[in-house]
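The residues making up each chain are set out below.
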Amino acid sequence: MKYLKQITIMFKKLFQLVLFLSICHNASADLPNDTAGKVETLPVPYPDDWVIVHDIAFDHMSIGRFMVMDINGGDIKDFFKGSFNGGFISAFTQALKKPEMYVLEHYYDRGTRGNRTDVLTIYDKATLEPVDEIILDDPRLKRAEILVSKFVISLIDDERFLLFYSFTPGTFVTVIDLEKREVVNGVPLPTCAGIYPTGKRGFSSLCGNGSMVSFQLDEDGQVTGQDKIEPFFDVDEDALFERPAIIGGTGYFPSFHGDVQEIDLSGGAARLGEKWSLLNEEDKSQGWRPGGAWLAATDSTGRLYVMMHENGEEGSHDYPGSEIWVFDTAGKTRVNRIPLTLPAIAFDITMGDAPKIVTTNIEMKLEVYDARSGEHVDTIADFYHNWPLLVYASQ
């Protein structure tokens, strides 16, 4: 009886398995065959209302990424157009005249340890696939790992040269010839930081003593000239943010206390422009100050947008902003105040005739506002374990 019972159970399980396989076979017959190896492409140039969002990946920082998003989508699937890798605290810039995007990143050959490889990866805008890479094997020119700055990497000379900030701990600007796909120079940059394109083939940097230095390069990426603005602000009393908005060749550098220093970057060397205040007397009495991880931007009309917070004090320059103020730079006057639904830590503005402000709020969600009226348009959430930080308007 014991063996008969075991055989009965075995046949019962075998029958259940045959029935299950039969059902699966019949169900699969109704499904279309998958197409393997199919690659969708994106329109290039990207539409005006698309943005590229840096996912800093705080939960898994060695594998960050960038997300291409349409801010006019209906739900997260419509917003999301694709993504590409970003390595560890990577830096990003995009070409205007070529369908290319550049990511400065590094990896370890054991994942989180081992030999480090720094690389500039070149991505195709249409497929989001890497199409080339330049290995950065000179130990003096390792890239600086800076969490939030768009000015650690820049394109100059009609997008022929790519420059990036290096810190090893000596400070350099590394020059890459994108046509030759190779490093051609490392420009020493003692006590200075930031890369602001200057003139035809040059760059400028802010220095720790309140000065600014400018360099011009030749066709081979070698330095042909150097100039300097002597210290023009007090880093202890009212420092400048190193994160300006550049409008028509002029950099608009907000200060911690609410001034703006104009610097002309259109010629062979940086030249000081006017200094003016973002604040009227009432604003000052309420303690309004600029602040945030990324706090200044511009739109296609050349207006200056600055993120502001109330009750500012020493050390509040990194506070999230509760409003974005809009300025006419020609008249140096405020033309709009845009209250934010939730305080924001960073933002950028899309181009075109109907620009949108896209902020990263304190809940790590994206908020979309009409840049003209200030009306709140949408909230983009459900990023799960992703951490959207810097927003880049598509170009």
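Here the structure is a predicted model, which is why all the values come from computation and not from measurement.

Q: I tried to follow the pattern of salt bridges on my own but got confused; where do I start?
A: Two side chains carrying opposite charge are able to pair once their charged atoms lie near each other. Applying the stated rule across the entire model yields 25 salt bridges. A salt bridge links Asp-259 to Lys-275, with the shortest nitrogen-to-oxygen separation between them at 4.0 Å. Note that Asp-259 is positioned in strand E18 (residues 259-264) and Lys-275 in strand E19 (residues 271-277), a separation of 16 residues in sequence. Among the ionic pairs, Arg-337 bridges to Glu-323, the shortest N-O distance being 2.9 Å. With Arg-337 in strand E24 (residues 333-349) and Glu-323 in strand E23 (residues 321-328), this pair connects stretches of sequence that are 14 residues apart. Owing to a relative accessible area of 13%, Glu-323 belongs among the buried residues under this scheme. Here the salt bridges do not stand alone but share partners, grouping Arg-116, Asp-118, Lys-142 and Glu-145 into one network.

Q: Help me out: how do you make sense of the layout of surface pockets in this one?
A: One water molecule sets the probe size; rolling that probe over the atoms shows where empty space is left. Empty space within the largest pocket amounts to approximately 1200 Å³. Put simply, the parts of the chain that give the lining of the largest pocket at least two residues each are strand E4 (91-94), strand E8 (153-156), strand E12 (192-198), strand E16 (245-247), strand E21 (296-298), E24 and strand E28 (388-393). Here the residues of the lining of the largest pocket sort into 20 nonpolar, 13 polar and eight charged. The volume enclosed by the second largest pocket comes to roughly 150 Å³. Along the walls of the second largest pocket sit Leu-206, Cys-207, Gly-208, Phe-233, Val-235, Ala-239, Leu-240, Phe-241, Glu-242, Arg-243 and Phe-256, which together make up its complete lining. Classifying every residue of the lining of the second largest pocket by side-chain character gives eight nonpolar, one polar and two charged.

Q: Looking at this structure, I do not really get empty space enclosed by the protein. What am I missing?
A: All told, the structure shown has one cavity of 30 Å³ or more when counted by the stated rule. Every residue along the wall of the largest cavity is listed here: His-54, Ser-90, Ala-91, Phe-92, Ile-146, Leu-147, Val-148, Ser-149, Val-152, Leu-390 and Tyr-392. Those elements that place two or more of their residues in the lining of the largest cavity are E4 and E28. In terms of residue class, the lining of the largest cavity is built from eight nonpolar, three polar and no charged.

Q: When you look at the pairing of strand E10 (residues 171-177) in this model, what are you seeing that I'm missing?
A: On any regular strand, side chains alternate: one points to one face of the sheet, the next to the other face. In terms of burial, E10 is a largely internal element, seven of the seven residues being buried. Side chains Thr-171, Val-173, Val-175 and Asp-177 project from E10 onto one buried face, and the interleaved Phe-172, Thr-174 and Ile-176 project onto a second face that is buried too. As paired elements, strand E9 (residues 161-167) and E10 share seven bridges and run antiparallel to each other. Across the sheet, the residue bridging to Ser-166 is Phe-172, located in E10. As consecutive antiparallel partners, E9 and E10 are separated by three residues. Looking at chain direction, E10 and strand E11 (residues 182-188) are connected through six bridges and run antiparallel. In the sheet register, Val-173 faces E11, and the bridge partner there is Val-187. With antiparallel pairing between neighbouring strands as the criterion, E10 and E11 make up a hairpin whose turn holds four residues, including Arg-181 at a positive phi of roughly 60°.

Thresholds, definitions, all that
- Residues numbered from 1 in each chain as written.
- Predicted model: local features only at pLDDT ≥ 70, side-chain atom pairs only at ≥ 80, totals over all residues.
- Heavy atoms only, no water.
- Salt bridge = Lys/Arg side-chain N within 4 Å of Asp/Glu carboxyl O.
- Helix = DSSP H or I, 4+ residues; strand = E, 2+ residues; numbered from the N terminus.
- Buried < 20%, exposed > 50% of the residue type's maximum accessible area, 1.4 Å probe, protein only.
- 1 Å grid on protein atoms, 1.4 Å probe; cavity = no way out; pocket = protein on both sides within 12 Å on 5 of 7 lines; lining within 4 Å.
- Points joined across faces, edges and corners; volume = space filled by probe spheres on them.
- Nonpolar A, V, L, I, M, F, W, Y, C, P; charged D, E, K, R; others polar.
- Pairing = 2+ DSSP bridges.

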